[in-house]
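# Structural features, examined
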Amino acid sequence: MAERPLTLMAVHAHPDDEATSTGGVLARYAAEGVTTVLVTCTDGRCGDGPGGVKPGEAGHDPAAVVAMRQAELEASCATLNVTHLETLGYADSGMMGWPTNDLPGAFWTTPVAEAAARLAELIRQYRPDVIVTYDENGFYGHPDHIQAHRITMAAVELTDVPAKVYWTTVPRTAFAEFGRIMKELGVEWAEPDAASEPGPQLGLPDDEISTWVDTSKYGAQKFDALATHASQTENIFFLQLGQERFTELMGVETFVRVRDRTGAPTPEDDLFAGLR
């Protein structure tokens with residue numbers, strides 16, 4: 001009997017998140033014959049509508065935004081050669097403190113146990129060797145990212161399936177270069193200041209990052225996947241870099257390993273180190 005292919009599952013909050021932080025690994029591992037599974041937890045209804053209209057503004061139709069973003073998500077998955085797309089369909093909660101946080105059906109208000117049980121069924125179905133999601137702060141404090149973290153870690157405990165679990169992160173040394181490029185593009189950017197910013201800090205010191213995956217060969221796919229989400233104006237400045245500069249800036253994806261049964265030494269350059 002043929003050996004089962006290795007499987008990667010990425011659990012993300014919204015349509016477009018898959019391209020920003022894991023587009024490179026999804027494309028790379030698909031090209032290497034790994035089965036890739038994307039789980040998108042919310043419908044993205046709190047994103048921009050046509051013409052950049054914001055939630056709560058005249059002309060913002062949440063149902064129309066959901067349909068548009070689902071089509072964009074499917075196009076992104078096709079670009080990244082994602083094997084399986086699963087959508088949990090919870091309502092986008094919006095940014096922290098928005099009234100949409102507390103609406104019925106919002107992901108943020110959904111009991112963790114309920115959503116984790118649904119995700120656990122997908123884990124049992126696909127039996128991923130590696131799962132990737134966000135850290136406890138959802139990287140930057142978005143309620144849906146935090147909730148995605150919570151349900152993923154709960155589902156992992158329920159199933160005990162994956163050999164390795166990772167959280168996405170960014171090396172803090174990258175913020176200075178990122179800020180320089182943003183200023184070149186005329187985008188206002190304040191580099192995070194670990195000494196003065198209250199609350200959890202963005203990213204990690206380089207020596208705390210366990211895994212550095214070179215995805216530069218797949219920069220064009222990642223760029224094109226992000227471009228499928230062009231309705232979301234917050235992504236446009238990334239596209240303004242052009243494909244070459246974009247790949248220079250975002251051609252390595254970084255993670256912190258939080259669960260491991262392989263004993264693979266760190267730092268590592270492969271999410272599947274110790275599994276092949």
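Nothing here was measured: the structure is a model prediction, and the numbers come from that model.

### A few points about the layout of surface pockets
What the largest pocket holds in volume is close to 1,400 Å³. Lining the largest pocket are 45 residues, with Thr20, Phe139, Tyr140, Phe237 and Phe238 positioned closest to its centre. Mapped onto the lining of the largest pocket, the elements with two or more residues apiece are helix H1 (17-31), strand E5 (164-169), helix H5 (174-184), helix H7 (236-239), helix H8 (242-250) and strand E7 (252-260). Take the lining of the largest pocket: its biggest share by element is 4 residues, from E7. Across the lining of the largest pocket, the residue classes break down as 22 nonpolar, 13 polar and 10 charged.

### What about the nonpolar core?
The biggest cluster of nonpolar side chains holds 33 residues, and the ones touching the most others in it are Leu8, Tyr29, Leu271 and Phe272. Counting only elements with at least two residues in this core, the list comes to strand E1 (7-12), H1, helix H2 (62-80), strand E4 (130-133), H5, helix H6 (219-227), H7 and H8. When residues in this core are grouped by element, the largest group, 5 residues, is from H1. Contacts of tyrosine 29, omitting those with residues within four sequence positions, involve Leu8, Val34, Val213, Asp270, Leu271, Phe272 and Arg276.

### Examining a nonpolar patch on the surface
Taken together, the side chains of Met95, Trp98 and Tyr140 make up a nonpolar region of the molecular surface, amounting to roughly 280 Å² of accessible area. Along the chain, tyrosine 140 falls in the loop between E4 and helix H4 (143-159). Under the relative-accessibility criterion, tyrosine 140 is labelled partly exposed at 40%.

### As for the packing of H1 against H6
Their axes nearest at 9 Å, the elements H1 and H6 cross at an angle of 135 degrees. Between H1 and H6, the angle falls in the class oblique. As H1 runs across H6, the sense of the crossing is right-handed. Between H1 and H6, the residues in contact are Ala19, Thr20, Gly23, Gly24 and Ala27 and Gln221, Lys222, Ala225 and Leu226, respectively. The class makeup of the residues in the contact of H1 with H6 is 4 nonpolar, 4 polar and 1 charged.

### Here we look at H6
Of the residues making up H6, those classed as buried are Gly219, Lys222, Phe223, Ala225 and Leu226. Around the axis of H6, the buried residues are gathered within 160 degrees of arc, so they sit on the same side. Buried-residue contacts for H6 involve H1, H2, H7, H8 and E7.

Parameters at a glance
Residues numbered from 1 in each chain as written. Predicted model: local features only at pLDDT ≥ 70, side-chain atom pairs only at ≥ 80, totals over all residues. Heavy atoms only, no water. 1 Å grid on protein atoms, 1.4 Å probe; cavity = no way out; pocket = protein on both sides within 12 Å on 5 of 7 lines; lining within 4 Å. Points joined across faces, edges and corners; volume = space filled by probe spheres on them. Helix = DSSP H or I, 4+ residues; strand = E, 2+ residues; numbered from the N terminus. Nonpolar A, V, L, I, M, F, W, Y, C, P; charged D, E, K, R; others polar. Core = buried A, V, L, I, M, F, W, Y, C linked by side-chain atoms within 4.5 Å. Buried < 20%, exposed > 50% of the residue type's maximum accessible area, 1.4 Å probe, protein only. Contact = heavy atoms within 4.5 Å. Patch = residues over 30% accessible without salt bridge, like charges linked within 9 Å, V, L, I, M, F, W, Y side chains within 5 Å. Areas by Shrake-Rupley, 256 points an atom, 1.4 Å probe, with all protein chains shown as cover. Salt bridge = Lys/Arg side-chain N within 4 Å of Asp/Glu carboxyl O. Axes fitted to C-alpha atoms, helices over the stretch in contact; angles between N-to-C directions. Parallel < 35°, antiparallel > 145°, perpendicular 65-115°, else oblique. Left-handed = near helix turned anticlockwise from the far one by under 90°. Arc of directions from axis to C-beta.

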